[in-house]
Amino acid sequence: MTVFAPKFEATIKSAIGMPTKIGCSRVITTLATRHSNDIQSVAGKLLQILEKQTMDKNDEVSQAYARAAAYMIRAAPDASKVRFCERYINMYFQAEDESRRQKVADVIVAVAKVSPDHFTAQETELLPFAYLGSHDTDEYTGKVFQEVWNQHAGSSRTVTRYVGEIVGLVERCLETTQWAIRHTGAFTVAAMVADVANASEATGVIDEANLKAIWPVFDKTLALKTFPGKEKLLESYPLFVERGEPLWKNDSVISAQMKKIAIREAKRNNDEYRPYAFRCLWRFAKARPDLNMLKDIADIASPYLEEHKDEDKMDVDSKENQKEDLDSKTAKNAFEAIARGYSRSKTIDIRVSLGEIIRILKPYLAAARFEFIKREIWYECVHDLMADAAKLTDIMDSLPVQFEGSGILAAYTASLDIDRGETGTESQRNKRVQALSKILDARSKGVFGKADFPRSLENNVTSALGEERSADVQKAWREVLGQIRQAQS
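Since the structure is predicted, the reported quantities are computational estimates derived from the model, not experimental observations.

**Q** What is the right way to read the overall build of the protein chain from this model?
**A** Of the regular secondary structure elements, the protein chain holds 25 helices and 0 strands. Here the protein chain has a C-alpha radius of gyration of 30 Å; the compact-globule value for 489 residues is 23 Å, and the former is much larger. Once the C-alpha set of the protein chain is aligned to its principal axes, its extents read approximately 105 × 50 × 40 Å. Among the 489 residues that make up the protein chain, the fraction classed as buried is 53%. Contacts in the protein chain between residues far apart in sequence, at least 24 positions, make up 76% of those at least 6 positions apart. Carbon and sulfur atoms form 47% of the exposed surface of the protein chain, whose accessible area is close to 23,000 Å². For the protein chain, the distance from the average position of its 69 positive side-chain charges to the average position of its 71 negative side-chain charges is 3 Å.

**Q** Teacher, can you tell me more about the environment of Y140 here?
**A** Structurally, Y140 can be placed in helix α9 (residues 139-152). Residue class for Y140 comes out partly exposed when judged on its relative accessible area of 35%. As for Y140 and Q102, which are separated by 38 residues in sequence, their C-alpha atoms are 6.8 Å apart. Non-local contacts of Y140, meaning those with residues more than four positions away in its chain, are made with Q63, Q102 and D106. Looking at Y140, its side chain comes within polar contact range of the side chain of D106, at 2.6 Å.

**Q** Which parts of the structure should I look at to understand the nonpolar core?
**A** Of all hydrophobic cores here, the largest spans 165 residues; its most connected members are Y237, L361, W378 and Y412. Once residues within four sequence positions are removed from consideration, L361 is found in contact with L305, F335, I338, A339 and W378.

**Q** What exactly am I supposed to notice about unusual backbone geometry here?
**A** Where the residue is not glycine, phi is negative for most of them; where a peptide bond is considered, it is trans in most cases. Of note in the backbone geometry, Q402 takes a positive phi value of approximately 55° without being a glycine. In this structure, Q402 sits in the loop between α21 (371-392) and α22 (405-414). The backbone phi angle of D417 is positive, close to 55°, even though this residue is not glycine. The exposure class of D417 is buried, given its relative accessible area of 9%.

**Q** I'm lost on the pattern of salt bridges in this one. Help?
**A** Any two side chains of opposite charge can pair, on the condition that their charged atoms come close. Summed over all chains, the structure comprises 34 salt bridges. A salt bridge links D136 to R101; the nearest nitrogen and oxygen atoms lie 2.8 Å apart. Separated by 35 residues along the polypeptide, D136 in the loop between α8 (123-133) and α9 and R101 in helix α6 (residues 98-114) bring together distant segments of the chain. Residue R101 is classed as buried on the basis of its relative accessible area, which comes to 4%. Each of E371, K374, R375, D417 and R420 takes part in one network of salt bridges that share partners.

**Q** Help me out: how do you make sense of the confidence of the model for the protein chain in this one?
**A** Looking at the protein chain, the pLDDT average stands at 90 and 94% of residues meet or exceed 70. Low pLDDT, under 50, characterises residues 314-318; the predicted model gives this stretch 4 contacts beyond four residues in sequence or across chains.

**Q** How should the packing of α6 against α9 be read in this particular structure?
**A** How two helices pack is summed up by the angle between their axes together with the distance between the axes. At a closest axis distance of 8 Å, the pairing of α6 and α9 adopts a crossing angle of 20°. For the element pair α6 / α9, the angle class is roughly parallel. In this structure, α6 crosses over α9, and the sense of that crossing is left-handed. Packed against α6, whose contacting residues are E98, R101, Q102, V104, A105, D106, I108, V109, A112 and K113, the element α9 presents Y140, T141, V144, F145, E147, V148, Q151 and H152 at the interface.

**Q** Would you take a moment to explain the state of the cysteines for this structure?
**A** Structurally, a disulfide amounts to a covalent bond that connects the sulfur atoms of two cysteines. Overall, the coordinates contain 0 disulfides when judged by the stated rule. In this model C173 remains outside any disulfide bridge; the closest cysteine sulfur is found in C85, 18 Å from its own. The class of C173 is buried, set by a relative accessible area of 0%.

**Q** Help me understand the packing of helix α13 (residues 208-222) against helix α14 (residues 231-243), please; the structure alone is not making it clear to me.
**A** For the pair α13 and α14, the least separation of the axes is 12 Å and the interaxial angle reads 145°. Along this stretch, α13 crosses α14, giving a crossing that reads as left-handed. Counting all contacts with α13, which are made through L211, I214, W215, F218, T221 and L222, the residues of α14 involved are L233, L234, S236, Y237, F240 and R243. The residue inventory of the contact of α13 with α14, partitioned by class, reads 9 nonpolar, 2 polar and 1 charged.

**Q** Would you mind going over helix α18 (residues 294-309) with me for this structure?
**A** Because an α-helix packs 3.6 residues into every turn, residues spaced three or four apart end up facing the same way. With 16 residues, α18 should cover 22 Å at 1.5 Å per step; its first-to-last C-alpha distance of 21 Å lies within 8% of that length. In the structure, α18 departs most strongly from a straight axis at A301, where the bend amounts to approximately 40° and where the proline P303 lies between one and four residues downstream. When α18 is considered as a whole, its buried residues turn out to be L294, I297, A298, I300, A301, S302, L305 and H308.

**Q** Would you explain the side chain of H152 in this entry?
**A** You can see H152 is positioned in helix α9. On the accessibility criterion, H152 (19% relative accessible area) is buried. Reaching out from H152, the side chain makes a polar contact with the backbone oxygen of A112 at a distance of 3.2 Å. The contact partners of H152, leaving out residues within four places of it in the chain, are A112, P116, F119, T120 and L127.

**Q** Where do I start with the packing of aromatic side chains in this structure?
**A** One pair of aromatic rings is described through two measures. These are the centre distance and the angle between the planes. By the definition in use, this model includes 16 aromatic pairs. Ring geometry for Y92 and F129: centres 5.2 Å apart, planes at 85°, overall edge-to-face. Taken together, the positions of Y92 in helix α5 (residues 78-94) and F129 in helix α8 put the pair 37 residues apart, joining distant regions of the chain. With a relative accessible area of 0%, Y92 lands in the buried category. A relative accessible area of 0% means that F129 is categorised as buried. When the centroid spacing of 6.1 Å and the interplanar angle of 35° are considered together, the rings of F335 and F370 count as tilted. Residue F335 is located in helix α19 (residues 320-339), and its partner F370 is located in the loop between α20 (350-365) and α21; the two are separated by 35 residues in the primary sequence. Overall, the relative accessible area of 1% leaves F335 in the buried class. Among the aromatic residues, those joined into a cluster by ring pairs are W215, F218, Y237, F240 and F284. Above the plane of the ring of W179 lies R182, whose end atom (NZ or CZ) is 4.4 Å from the centre. If you follow K232 out to its NZ or CZ, it ends over the ring of F187, 4.5 Å from the centre.

Here is what the cut-offs are and how they apply
Here the residue index of a chain counts from 1 through its sequence in written order. Restriction of local features to residues with pLDDT of at least 70 applies here, the model being predicted, together with a cutoff of 80 or more for giving and counting side-chain atom pairs; totals for whole chains, interfaces and linings are based on all residues. Where side-chain values are given, they derive from all heavy atoms of the structure, hydrogens and water being excluded. Elements are defined by DSSP. Helices are runs of H or I of four residues or more, strands are runs of E of two residues or more, and each kind is numbered from the N terminus. In this treatment the radius of gyration is a C-alpha quantity, and the globule benchmark scales as 2.2 Å times the residue count to the 0.38 power. Partly exposed residues are those whose accessible area sits between 20% and 50% of the maximum for their type, while under 20% is buried and over 50% is exposed, using a 1.4 Å probe and protein chains only. Here a residue-residue contact requires only that any non-hydrogen atoms of the pair lie within 4.5 Å. Computed with the Shrake-Rupley method and a 1.4 Å probe, the accessible areas treat only the protein chains shown as cover for residues. Neither His nor the chain ends contribute to the count of charged residues, in which Lys and Arg are positive and Asp and Glu negative. Lys charges are placed at NZ, Arg charges at CZ, Asp charges at CG and Glu charges at CD. Polar contact is defined as a pair of N or O atoms within 3.5 Å, subject to the rule that within protein one atom must be able to donate a hydrogen and the other to accept it, and that residues adjacent in sequence are counted only when both atoms are side-chain atoms. For the purposes of this section, nonpolar cores are sets of buried Ala, Val, Leu, Ile, Met, Phe, Trp, Tyr and Cys residues that join through side-chain atoms within 4.5 Å. The term salt bridge refers to a pairing of a side-chain nitrogen on Lys or Arg with a carboxyl oxygen on Asp or Glu at a separation within 4 Å. The quantity known as pLDDT measures the predictor's confidence residue by residue, on a range of 0 to 100. For every element, the axis is a line fit to its C-alpha atoms; helices are fit only across the contacting stretch, and the angle between N-to-C directions ranges from 0 to 180 degrees. Every angle not falling under 35 degrees, over 145, or within 65 to 115 is termed oblique; those three ranges are roughly parallel, roughly antiparallel and roughly perpendicular. Throughout, a crossing is termed right-handed when the near helix is turned clockwise from the far one, and left-handed when it is turned anticlockwise from it by less than a right angle. Two cysteine sulfur atoms make up a disulfide if the distance between them is within 2.5 Å. We call Asp, Glu, Lys and Arg charged. Ala, Val, Leu, Ile, Met, Phe, Trp, Tyr, Cys and Pro are nonpolar, and the rest, Gly among them, are polar. Multiplying 1.5 Å by the residue count of a helix minus one yields the expected span of that helix. One fitted axis covers the seven residues ending at a residue, a second covers the seven starting there, and the bend at that residue is the angle between these axes. Paired rings are identified among Phe, Tyr and Trp, the last through its six-membered ring, by centres lying within 6.5 Å, and are further divided according to the angle between planes into stacked (under 30 degrees), edge-to-face (over 60) and tilted (the rest). Two conditions define a charge sitting above a ring: the NZ of Lys or the CZ of Arg must be within 6 Å of the ring centre, and it must be within 35 degrees of the ring normal.

Here it is in structure tokens:
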């Protein structure tokens, strides 16, 4: 072996043609599988030589060497294994294009499949790295790393075990000049937050050590300029806030920064990103019952409702239909942000928000261009708002100053279009009935004070019941009619 090894090493380095290179990879595989004891002294050196060969420009050659390296790692000393893993992690972060990241992924997946025991021995480094790589912006790289992750971990509980290591890798991503790697770090943070939150389902709170580890990189990734896919961060952000109360409850700086982020993202000047930011805004408000953000949300979202309301607006964009869809989505999410942007805390009187929401949205509820949005989301918003109001209001609570319970009750009832019973799909009509039921329930629990029913309510419900074709919706209307008659008796 002492005579063979130097010559074989020289052959590997000087090989030019693809057949020669693939032949060398097969010799290495044979040595590692059939002569493992004989190559102990040179295994580390061969493994080191393979680091360059696995980056060959030809994909077939690089993959052949990746498999050979996966076999050779079995015979290499522990120090060489550690160096090998660290080297490929460094290669990933130094890669200037997706091609090199793909080849790194090929090596890691080869080790995971060919030598799983040796992969497990290095999993403290390789598993967090595979998790990061599974969120790579390049489809092939992400798919290959996902195979590794699924084979050796695949659960949210594994993520919680390696939060520190994953955060360290994300920090390295954010330090690079390659935007693709920075974005990979951002996607990893989004997924990590979702996984850690899912793992905390039983307690409802993320472990405080993990919260403190994740928050700095989450803050940094949210501060990145908008890029395709950044909305994944917005999807995870309210969840992190909701499950992260130990982090912000007693820290006014973090508490204020969290609110600043939610507002900043909603104000970003990116049309595609904006609908996701509006959705994040109301979900953030829900996750932070200590804040009353309704006015902030209304100030941000209202201009987009006004723009959508203008029926005479002309769109000269060549992609007119696409633009119109985006406009509708933005308006829909802006509308929902206001409808759901109230505080869910007993220390902040929700009845004030009841009045504000209907005051802000009333002009749009009456506009023709909002008919679809109303049927799509408003009925469900009213249902949830009334359910929260009934839960957060005590019948003995004094009414807010200048609170016109009867007028607000009438406005919400009128907004459901009960006199147009046939309007909408069956599902939408059913949601309308459920929303009215919740309004009646809220009234019975003192939310509107001693408010009277609108005079035409019973007649409108009776008429809607007569027009209704669906047996399920008819049944719901009869129950509502029973609620009204019981309340009047």
